[in-house]
Amino acid sequence: MENSQKQTRLLILSRHTDRLRRYLDKMEILNRRFSWVRLAVVVVGGIGTFLTFYFGSAWLGRTTLALSIAAFAIAVYYHRKLDRIILRFQIMLQQTHRQLARMNLDWEHIPLSVGSPSDPEHPFDTDLDLTGERSIHQLINSAVSQGGSQRLADWLLERR
């Protein structure tokens, strides 16, 4: 890759990382607010239910209890939805960091490929650093599963 193209790509990934981080910060604030909303719904619903049972009728108390439970269930639903969104963005941020590490050859931040140690018996594996630590396999492996990582290692070690 030409140096200016690499610098442009690094800049784009860096900006993307900053945007993801800012968005995650906003989502974390919203996540904390949802925790307080859930607590408020429980406290207000509990006090409201107690007061309507104590000063009102049983029918009104049951209605208040049902409304409190419904409000809590709605708050939990949206809070869990927000948690899933946060998890997705955290994964995107992690993948972007890994991509930046690969571009900069920052070996400490490139995940080590599991299950593909160097094969000293292979005619050119150790000479070309195809597998193992600080290898081509570690550099280009972005497989999600161990099977996919092993398939990539098998392709690199093919003797055709």
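Described in the following lines is the structure provided in the data block. Every value quoted in this text rests on a predicted model; they were computed, and no experiment measured them.

1. With respect to the overall build of the chain
In terms of helices and strands, the chain carries five helices and zero strands. The N-to-C order of helical and strand elements in the chain reads α-α-α-α-α. Each of the 160 residues in the chain was classed as buried or not, and the buried ones make up 27%. At a minimum sequence separation of 6, the contacts of the chain that also span at least 24 residues come to 62%.

2. What to know about helix H2 (residues 58-103)
Taking 1.5 Å of rise per residue, the 46 residues of H2 would be expected to cover 68 Å, and the 67 Å separating its terminal C-alpha atoms lies within 8% of that figure. Downstream of H2 by one or two residues, Leu105 has phi in the positive range, about 50 degrees.

3. Concerning the pattern of salt bridges
Once the charged atoms of two side chains with opposite charge are near each other, the side chains can pair. Taken as a whole and assessed by the stated rule, the structure comprises one salt bridge. Two residues, Asp25 and Arg21, come together in a salt bridge whose shortest N-O distance is 3.4 Å. One end of the pair is Asp25 and the other is Arg21, both in helix H1 (residues 3-55) and four residues apart, which spans about a single turn. Among the residues examined, Asp25 registers a relative accessible area of 38% and is labelled partly exposed. Take Arg21: its relative accessible area is 38%, and that puts it in the partly exposed class.

4. Details of the nonpolar core
Ranked by size, the top nonpolar core spans seven residues in total: Leu20, Leu24, Met27, Leu82, Ile86, Phe89 and Leu93. Every element with two or more residues in this core is listed here: H1 and H2. At four residues, the largest contribution of residues to this core is made by H2. Residue contacts for Phe89: discarding those within four places in its chain leaves Leu20, Tyr23 and Leu24.

5. Digging into the packing of aromatic side chains
One pair of aromatic rings is described through two measures. These are the centre distance and the angle between the planes. In this structure the tally under the stated criterion is four aromatic pairs. Plain terms: the ring middles of Phe50 and Tyr54 are 5.7 Å apart, the flat faces sit at 15 degrees to each other, and that makes the pair stacked. A residue pair is termed a helical-turn pair when its members lie 3 or 4 positions apart in one helix, as Phe50 and Tyr54 do in helix H1 at four residues. Tyr54 carries the same exposure label as Phe50, and that label is exposed.

6. What about a positive patch on the surface?
A grouping of Arg15, Arg19, Arg22 and Lys26 is seen on the molecular surface, where their side chains present a positively charged patch. Among the secondary structure elements, Lys26 is positioned in helix H1.

7. A word on the side chain of Thr64
With respect to the helices and strands, Thr64 occurs in helix H2. What makes Thr64 buried here is its relative accessible area of 19%. For Thr64, the residues in contact, after removing those within four places along its chain, are Gly48, Thr49 and Thr52.

Rules used throughout
- Residues numbered from 1 in each chain as written.
- Predicted model: local features only at pLDDT ≥ 70, side-chain atom pairs only at ≥ 80, totals over all residues.
- Heavy atoms only, no water.
- Helix = DSSP H or I, 4+ residues; strand = E, 2+ residues; numbered from the N terminus.
- Buried < 20%, exposed > 50% of the residue type's maximum accessible area, 1.4 Å probe, protein only.
- Contact = heavy atoms within 4.5 Å.
- Expected span 1.5 Å × (residues − 1).
- Salt bridge = Lys/Arg side-chain N within 4 Å of Asp/Glu carboxyl O.
- Core = buried A, V, L, I, M, F, W, Y, C linked by side-chain atoms within 4.5 Å.
- Phe/Tyr/Trp six-rings, centres within 6.5 Å; stacked < 30°, edge-to-face > 60°.
- Patch = residues over 30% accessible without salt bridge, like charges linked within 9 Å, V, L, I, M, F, W, Y side chains within 5 Å.
- Areas by Shrake-Rupley, 256 points an atom, 1.4 Å probe, with all protein chains shown as cover.
- Lys, Arg positive; Asp, Glu negative; His and termini not counted.
- Charge placed at Lys NZ, Arg CZ, Asp CG, Glu CD.

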